[in-house]
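Summary of structural features
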Amino acid sequence: IRLLKFGLKCLNIYRIQVGPPPNRVTYVRAAINSQIRSKEEKDIVEHFASVFVYSSRSTFREVFETNMDYLIDSIQENHSLTMIPHYFMVSRDSMLHNSPCSAIFACQLAKYLVNKLEDMGLGE
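Residues numbered from 1 in each chain as written. Predicted model: local features only at pLDDT ≥ 70, side-chain atom pairs only at ≥ 80, totals over all residues. Heavy atoms only, no water.

1. Observations regarding the overall build of the chain
Along the backbone of the chain there are seven helices and two strands. If you list the helices and strands of the chain from N to C, you get α-β-β-α-α-α-α-α-α. Counting all 124 residues of the chain, 35% fall into the buried class. Long-range pairs, those at least 24 residues apart, make up 66% of the contacts in the chain with a sequence separation of at least 6. Total accessible area computed for the chain in this model is approximately 7900 Å², and 58% of it derives from carbon and sulfur atoms. (Helix = DSSP H or I, 4+ residues; strand = E, 2+ residues; numbered from the N terminus. Buried < 20%, exposed > 50% of the residue type's maximum accessible area, 1.4 Å probe, protein only. Contact = heavy atoms within 4.5 Å. Areas by Shrake-Rupley, 256 points an atom, 1.4 Å probe, with all protein chains shown as cover.)

2. Some remarks on the pattern of salt bridges
Under the criterion given, the structure shown has two salt bridges. Ionic pairing is found between Asp43 and Lys39, a salt bridge with its closest N-O pair at 3.0 Å. Highlighted residues: Asp43 and Lys39, both in helix 2 (residues 39–53), separated by four residues, approximately one helical turn. Overall, Asp43 belongs to the partly exposed group, its relative accessible area being 25%. The salt bridge partner of Lys42 is Glu46, with a shortest N-O separation of 2.9 Å. Of this pair, Lys42 and Glu46 both sit in helix 2, four residues apart, which is roughly one turn of the helix. Relative accessible area serves as the criterion here: at 34%, Lys42 is assigned to the partly exposed category. (Salt bridge = Lys/Arg side-chain N within 4 Å of Asp/Glu carboxyl O.)

3. Details of the packing of helix 3 (residues 57–77) against helix 6 (residues 101–115)
Contact pair helix 3 / helix 6: the axes reach a minimum separation of 10 Å and the direction vectors enclose 35°. Helix 3 and helix 6 meet at a crossing whose hand is right-handed. Residue-level contacts link Arg57, Phe60, Arg61, Phe64, Glu65, Met68, Asp69, Leu71 and Ile72 of helix 3 to Cys101, Ile104, Phe105, Gln108, Leu109, Lys111 and Tyr112 of helix 6. In terms of residue class, the contact of helix 3 with helix 6 is made up of 10 nonpolar, one polar and five charged. (Axes fitted to C-alpha atoms, helices over the stretch in contact; angles between N-to-C directions. Left-handed = near helix turned anticlockwise from the far one by under 90°. Nonpolar A, V, L, I, M, F, W, Y, C, P; charged D, E, K, R; others polar.)

Put into structure tokens, the structure is as follows:
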């Protein structure tokens, strides 16, 4: 559980941009501009997601059952993290590993969305 939370925080490193010399201004990309910027970033996000694909079924379920809110909030801050749910749902590794993570993640996401239906209807 802590791996997910701390890992998502670490992946924000790719949002930091450093300008050219002499000023070298550092800033954080806005969430709206947080799409994948490099192959390295894409690979790192996929490797991070794969850690969960290869975990046990019960561990995978527990991590996302208890942290779906945190994952969704992190995705809202950094849109490049949408690669994580995408990886769980359609990745080649999850298919080759015969992992049940797609079904488990889809079920957890559906539960989350059903619980948030009222909020979504209010536009919050």
